Amino acid sequence: MIDWLASYPKSGNTWMRLMLANYFSETDLPHDINQPGVTNGIASSRWRFDDLLGIDSAHLTDREVLALLPQVFAALVAQDPAPQWIKVHDAQQQLPDGRWLF
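Colleague: Before we go on, may I ask you to explain the overall build of the chain in this structure?
Modeller: Each helix and strand in the chain was counted, giving three helices and two strands. For the chain, the C-alpha atoms occupy an extent of roughly 45 × 25 × 20 Å along the three principal directions. By the burial criterion, 27% of the 102 residues in the chain qualify as buried. Contacts spanning at least 24 positions in sequence make up 53% of the contacts within the chain whose residues lie at least 6 apart. Carbon and sulfur atoms provide 57% of the accessible area of the chain, an area that totals close to 6,900 Å². Averaging the coordinates of the 7 positive side-chain charges in the chain and doing the same for the 12 negative ones gives two points 8 Å apart.

Colleague: Looking at this structure, I do not really get the packing of aromatic side chains. What am I missing?
Modeller: Aromatic ring pairs are described here by two measures, namely the spacing of the ring centres and the angle between the planes. Evaluation of the coordinates by the stated rule reveals five aromatic pairs. A ring pair is formed by Trp4 and Phe73, whose centres lie 4.8 Å apart and whose planes are at 70°; its orientation type is edge-to-face. Taken as a pair, Trp4 in strand β1 (residues 2-6) and Phe73 in helix α3 (residues 62-79) lie far apart in primary sequence, 69 residues in all. On the basis of relative accessible area, Trp4 is assigned to the partly exposed category, the value being 27%. Members of the aromatic cluster, connected to one another through ring pairs, are Trp4, Phe73 and Phe102.

Colleague: What's the story with the side chain of Ser45 in this structure? I'm lost.
Modeller: Its location among the elements puts Ser45 in the loop between α1 (13-23) and α2 (46-53). Under the relative-accessibility criterion, Ser45 is labelled buried at 15%. For Ser45, the side chain forms a polar contact with the side chain of Trp47, separated by 2.8 Å.

Colleague: For this particular structure, what's the right way to read the packing of α2 against α3?
Modeller: How two helices pack is summed up by the angle between their axes together with the distance between the axes. Where α2 contacts α3, the axes come no closer than 9 Å and their chain directions differ by 70°. Here α2 lies roughly perpendicular to α3, going by the angle between them. Between α2 and α3 the crossing geometry is left-handed. From α2, Arg46, Arg48, Phe49, Leu52 and Leu53 reach across to α3, where they touch Asp62, Val65, Leu68, Leu69, Gln71, Val72, Ala75, Leu76 and Gln79. The residue makeup of the contact of α2 with α3, split by class, is nine nonpolar, two polar and three charged.

Colleague: I'm lost on unusual backbone geometry in this one. Help?
Modeller: Despite not being glycine, Lys10 has its phi angle at roughly 65°, a positive value. Counting through the fold element by element, Lys10 comes out in the loop between β1 and α1.

Colleague: Where do I start with the confidence of the model for the chain in this structure?
Modeller: Low-pLDDT stretches of the model should not have their predicted coordinates read in fine detail. Scored by pLDDT, the chain comes out at a mean of 86, with 96% of its residues at no less than 70. Here α1 stands out as the least confident element of the chain, with mean pLDDT 82; α3 is the most confident, with 93.

Colleague: How should I be thinking about the nonpolar core in this particular structure?
Modeller: Generally speaking, soluble globular proteins have nonpolar side chains that are buried together. By size, the foremost hydrophobic cluster in this structure holds 12 residues: Ile2, Ala43, Phe49, Val65, Leu68, Leu69, Val72, Phe73, Leu76, Ile86, Val88 and Leu101. Sorting elements by how many residues they give to this core places α3 first, with six residues.

Colleague: Any chance you could explain the pairing of strand β2 (residues 84-88) here in plain terms?
Modeller: Successive side chains on a regular strand alternate, one facing one side of the sheet and the next facing the other. Among the five residues in β2, five count as buried, and that is most of the element. Burial along β2 is two-sided: the residues Gln84, Ile86 and Val88 and Trp85 and Lys87 are all buried. Examined bridge by bridge, β1 and β2 share five bridges and lie parallel to one another. If you follow Ile2 over to β2, its bridge partner there is Gln84.

Conventions adopted
Residues numbered from 1 in each chain as written. Predicted model: local features only at pLDDT ≥ 70, side-chain atom pairs only at ≥ 80, totals over all residues. Heavy atoms only, no water. Helix = DSSP H or I, 4+ residues; strand = E, 2+ residues; numbered from the N terminus. Buried < 20%, exposed > 50% of the residue type's maximum accessible area, 1.4 Å probe, protein only. Contact = heavy atoms within 4.5 Å. Areas by Shrake-Rupley, 256 points an atom, 1.4 Å probe, with all protein chains shown as cover. Lys, Arg positive; Asp, Glu negative; His and termini not counted. Charge placed at Lys NZ, Arg CZ, Asp CG, Glu CD. Phe/Tyr/Trp six-rings, centres within 6.5 Å; stacked < 30°, edge-to-face > 60°. Polar contact = N/O pair within 3.5 Å; in protein donor to acceptor, adjacent residues only side chain to side chain. Axes fitted to C-alpha atoms, helices over the stretch in contact; angles between N-to-C directions. Parallel < 35°, antiparallel > 145°, perpendicular 65-115°, else oblique. Left-handed = near helix turned anticlockwise from the far one by under 90°. Nonpolar A, V, L, I, M, F, W, Y, C, P; charged D, E, K, R; others polar. pLDDT = per-residue confidence, 0-100. Core = buried A, V, L, I, M, F, W, Y, C linked by side-chain atoms within 4.5 Å. Pairing = 2+ DSSP bridges.

Next up, the structure:
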């Protein structure tokens, strides 16, 4: 399950994700904000897209990437069904095929 933390850039989203990670952690040790993957990054991350779909997103148009993003999010949940907090600065929008981006 993905819980989207939508915000404007530089609004404290990373700190919120870190707080949530520590609050829901199964250990008393604090999470390190500098450790990769602690808070699952941002929805627009191209490395996640490339890794989960096995496609080099640099070879796609922005429209093609947008159309495939729901598949990336579904693959992310299939890979790890535990609750995940992911920040997003993108607007919710309906894709040309009728699906919603998030």
